[in-house]
Amino acid sequence: AAKRPLLGIPGLAFQEGNQVVINPRRPLIADIDSIAWPAYGRFPIDYYRLVRMPRVVDEDFVMPLMSGRGCTFRCTFCYRMDPGYRPRDPDDIVEEIRYLKRDFGITFISFQDDLLMASVEQTEAICQALLKADLGITWNCNGRLNYTTPQLLRLMRDAGCVYINYGIESLDEEVLKGMKKGLRPEMVVKGVEATLEVGISPGLNMIFGSIGDTPETLGQAVDFLLKYDDCCEIRTIRPVTPYPGSPLYYDAIEKGLLAGPEDFYENKHLNADLLAVNFTELSDDEFYACLQDANRRLLENYHRHQRQASLDQVAELYQTRDTSFRGFRPV
C-alpha cells in the first residue's frame, strides 16, 4: 500500500527525529446521526448487558447509549475539549433502542453522554419519541438542575426515566460561581426536591477542594446529602481534580501547584479519592481529616438506610406472605 505522509493527517501527533509534530485538529463531525451504530453483534452482549447501576432491577438487561455529544456549559474543572453540543435525532435514538431490545433483550438504557438534558426542547423531544415508540424500557441520564421543572420531570418519568445524575459539586454560592457552574443553591434544592417528588432518584455529586472551599462548605454539602439522598447508591465526596485541558488545570499551573502534564499524571493524580492539587487554605492533613469525617457520615447513613430496608423486606415477606419473593438481595 502507498504510504501517506503523517504531516497531512489531521488530529495526529507524532515524533520526527527529536521534534514532536502536532497536526491541526480534525474537524468535528457536525451530523453525528451519520455515524454508524456500534457493531454490537461483534461483542459478547450477554455479558455486557449484566452491568448493574442505580434503579436497575434484577430482571433488567442494561446497555449504554449516546444521545448526543458535547455540553453547553463551561465548568472550570471539566476536561472536555470539544466546543458546542451536537444532539442526535430522537427518532434515530429510538430505532437503536428498538434494535437493542429486539436483538439483545435490552430493557434498561443508560445514556452516557455528558448531558442528555442539554435543553428543555431536546429533553422533551427524546421523551416524546420514547413515549410514541412505547418500547417499555427504563433509563437513566446525566441532567442539569437548571431545567428541572415539575412538568419536564413528569414527562421524563412517564417516558421511563428512573434516575438522573446531577453534577451539583457544592452548596456554597461563591464556590459555585468560581466553578462557573451556572447554579445557585436555591436552584439545586428546588430541582432535587422536584426530582424526588415525581419518583425519580437523583444522583447527587459533590466535590471538595475547589477554590474557596472550607470545612464549612464541605459541611453544607454533607448536610444536603444526608437530607436528600435516597440511598439508591453509595454516595461519597471526592477531591476536585484539575485535569489537563481544564481551566482549573491552568489555575494550578499559574499558582505553581503543578509543573505540567507529566507532573499531573506521574506524580499528583495517583488516585481519584486522594488529592492531586490542594487549592484550599487547609494543610493536606487537615483536608483529609475533613474528608474522612464527611465520608464516614455519608457511609454510616447509607448502611443504616440499607439495614432498615433489609429489615422492612423481612417484615413484608412474612406479614403479607408475599409469593413473588425471590430471595434476600441488596436493596
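Residues numbered from 1 in each chain as written. Predicted model: local features only at pLDDT ≥ 70, side-chain atom pairs only at ≥ 80, totals over all residues. Heavy atoms only, no water.

*Asks:* An account of the overall build of the protein is requested, with residue identities and associated values reported.
*Replies:* The secondary structure content of the protein amounts to 10 helices and 10 strands. For the protein, the C-alpha atoms occupy an extent of roughly 75 × 55 × 35 Å along the three principal directions. Relative to its 331 residues, the protein shows a buried fraction of 44%. Sequence-distant contacts, at least 24 apart, represent 66% of the contacts inside the protein between residues at least 6 apart. For the protein, the accessible surface area stands at approximately 18,500 Å², while carbon and sulfur atoms represent 52% of it. For the protein, the separation between the mean place of its 37 positive charges and that of its 48 negative charges on side chains is 5 Å. (Helix = DSSP H or I, 4+ residues; strand = E, 2+ residues; numbered from the N terminus. Buried < 20%, exposed > 50% of the residue type's maximum accessible area, 1.4 Å probe, protein only. Contact = heavy atoms within 4.5 Å. Areas by Shrake-Rupley, 256 points an atom, 1.4 Å probe, with all protein chains shown as cover. Lys, Arg positive; Asp, Glu negative; His and termini not counted. Charge placed at Lys NZ, Arg CZ, Asp CG, Glu CD.)

*Asks:* Got a sec to walk through the packing of aromatic side chains? Specific residues and values, please.
*Replies:* All told, the structure shown has 14 aromatic pairs when counted by the stated rule. Geometrically, the ring pair formed by Y40 and F104 is tilted, given 6.3 Å between the ring centres and 55° between the ring planes. Note that Y40 is positioned in the loop between β2 (19-22) and α1 (45-48) and F104 in helix α2 (residues 90-104), a separation of 64 residues in sequence. Taking the relative accessible area as the measure of exposure, F104 reaches 16% and is therefore buried. Plain terms: the ring middles of F73 and Y147 are 6.4 Å apart, the flat faces sit at 50° to each other, and that makes the pair tilted. Linking F73 in the loop between β4 (68-70) and β5 (85-87) with Y147 in the loop between β7 (138-143) and α4 (150-158), this pair joins segments that are 74 residues apart in sequence. One aromatic cluster is present, built from ring pairs that chain together W37, Y40, Y99 and F104. In this arrangement the basic side chain of R49 is found over the ring face of F61, its NZ or CZ atom lying 3.5 Å from the centre. Taking the ring centre of F73 as reference, the NZ or CZ of R144 above it sits at 3.6 Å. (Phe/Tyr/Trp six-rings, centres within 6.5 Å; stacked < 30°, edge-to-face > 60°. Lys NZ or Arg CZ within 6 Å of the ring centre and 35° of its normal.)

*Asks:* Account for the layout of surface pockets, naming residues and giving values.
*Replies:* If you add up the space inside the largest pocket, you get close to 1,200 Å³. F77, N165, G167, E169 and N205 are the residues nearest the centre of the largest pocket, which is lined by 42 residues in total. Sorting the residues of the lining of the largest pocket by element identifies β6 (108-111), β7, β8 (161-169), β9 (201-208) and β10 (238-239) as the ones contributing at least two each. With five residues, β8 is the largest single contributor of residues to the lining of the largest pocket. Along the lines of polarity and charge, the residues of the lining of the largest pocket split into 22 nonpolar, 10 polar and 10 charged. (1 Å grid on protein atoms, 1.4 Å probe; cavity = no way out; pocket = protein on both sides within 12 Å on 5 of 7 lines; lining within 4 Å. Points joined across faces, edges and corners; volume = space filled by probe spheres on them. Nonpolar A, V, L, I, M, F, W, Y, C, P; charged D, E, K, R; others polar.)

*Asks:* Residue-level account of a nonpolar patch on the surface, with values.
*Replies:* Taken together, the side chains of V314, Y318 and F328 make up a nonpolar region of the molecular surface, amounting to roughly 300 Å² of accessible area. Within the secondary structure layout, V314 lies in helix α10 (residues 284-320). (Patch = residues over 30% accessible without salt bridge, like charges linked within 9 Å, V, L, I, M, F, W, Y side chains within 5 Å. Salt bridge = Lys/Arg side-chain N within 4 Å of Asp/Glu carboxyl O.)

*Asks:* How would you summarise the side chain of N278 if you had to cite specific residues and measurements?
*Replies:* By the element assignment, N278 lies in the loop between α9 (261-268) and α10. Here the side chain of N278 touches T280 through a polar contact of 2.7 Å, side chain to side chain. A polar contact is formed between the side chain of N278 and the side chain of D284, at a distance of 2.9 Å. For N278, the contacting residues outside a window of four places in its chain are L257, S283, D284 and F287. (Polar contact = N/O pair within 3.5 Å; in protein donor to acceptor, adjacent residues only side chain to side chain.)

*Asks:* Hey, could you go over helix α6 (residues 185-198) for me, with residue numbers and the actual values?
*Replies:* The terminal C-alpha atoms of α6, which comprises 14 residues, lie 21 Å apart, in line with the 20 Å expected from a rise of 1.5 Å per residue. Along α6, the positions that sit buried rather than exposed are P185, M187, V188, G191, V192, A194, T195 and V198. Here the buried face of α6 lies against α4, β8, α5 (173-179), β9 and α7 (215-228). Positive phi shows up at G199, right after α6, with a value of about 95°. (Expected span 1.5 Å × (residues − 1).)

*Asks:* I'd love a proper account of unusual backbone geometry, names of residues and values included.
*Replies:* For K180, which is not a glycine, the phi torsion comes out positive at approximately 60°. Mapped onto the fold, K180 is located in the loop between α5 and α6. In the Ramachandran plot, C231 falls in the positive-phi region, its phi being about 60° despite a non-glycine side chain.

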